[in-house]
Amino acid sequence: MAKRNNTTILIYGKTDSAELQQGIRKTEEELKIQIGTETGGVKHLMYRQYDLYFIDIDRNEDWQEKTCFIPDPHHRLVLIGNSMKEYREAFRYHCYDFLYRRETDAELKRILQRYFREIREVIPVRINGRKTEIPVTCIKAVEAERNRICLITGRGCLYRRGTLKKLAADYGLMRRFVRINRSQLIAVSEVETVKGSTVWMKDGSRYYISRRFLSAAKSRLMNGQDVL
């Protein structure tokens, strides 16, 4: 796997930036982290792309207004807030995570450990003859097509040779995916709702669970969590 030189983190808003930075520096990845801060207008967010955004949201603020300038369509956005309402809003709109101000140390450690674990989970593929690595978290479904595998992402399909069984075993996919038939896996985190044997994904696409896998798949999807 290619080595990652550093991770860039933006801290934005009115939260105690010094305290948050100190918590970040306590992690085992501190030598690979670069931290930026911003308290000005949201337009400043569009000038640089970060790996992880910590955005402070006041109770009466519109967080969507603050986040619409983030340039990376696959950004990881962590909202910082005080209330359960803000927590629900964060996950309703598919933010990466939520950080309670009063539980900074423990929650921050959990979020960063999750992030660094996930960026190490990649699957190598070839695009136009060049080898690259696709983060597992960017894959919404995996399908077997004869002697090759299709990795379905938000930007289309990527292919690699092999079998679904071997791919799932080699890259531990069953921690994040659930099998819905003999030839398809779908990402648990990308599921919006399940009705009967029909699965609606967050991007509006639909999948169907075969009778053989219906009971186990629905049980896992109703739980709605990766097995980490």
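Residues numbered from 1 in each chain as written. Predicted model: local features only at pLDDT ≥ 70, side-chain atom pairs only at ≥ 80, totals over all residues. Heavy atoms only, no water.

1. A word on the sheet that holds strand 8 (residues 139-145)
Now for step 1: If you trace the five strands from one edge of the open sheet to the other, you get 10-9-8-12-11, paired in antiparallel fashion. A single partner strand is all that each edge strand has here, and the edge strands are strand 10 (156-161) and strand 11 (177-181). Averaged over all pairs of adjacent strands, the angle between their axes in this sheet comes to 25°, without regard to strand direction.
Now for step 2: Two elements, strand 11 and strand 12 (residues 184-187), share four bridges in a ladder whose sense is antiparallel. (Pairing = 2+ DSSP bridges. Helix = DSSP H or I, 4+ residues; strand = E, 2+ residues; numbered from the N terminus. Axes fitted to C-alpha atoms, helices over the stretch in contact; angles between N-to-C directions.)

2. Brief notes about a nonpolar patch on the surface
Now for step 1: Together, Met 84, Tyr 87 and Phe 91 make up a nonpolar patch on the protein surface, roughly 270 Å² of accessible area in all.
Now for step 2: Here Tyr 87 shows up in helix 3 (residues 84-92). (Patch = residues over 30% accessible without salt bridge, like charges linked within 9 Å, V, L, I, M, F, W, Y side chains within 5 Å. Areas by Shrake-Rupley, 256 points an atom, 1.4 Å probe, with all protein chains shown as cover. Salt bridge = Lys/Arg side-chain N within 4 Å of Asp/Glu carboxyl O.)

3. Overview of the pairing of strand 14 (residues 198-201)
Now for step 1: With four bridges joining them, strand 13 (residues 191-195) and strand 14 adopt antiparallel strand pairing. In the sheet register, Lys 195 faces strand 14, and the bridge partner there is Thr 198.
Now for step 2: Counting the residues that bridge the hairpin from strand 14 to strand 15 (residues 206-208) gives four residues, and of these Gly 204 lies at a positive phi of roughly 95°.

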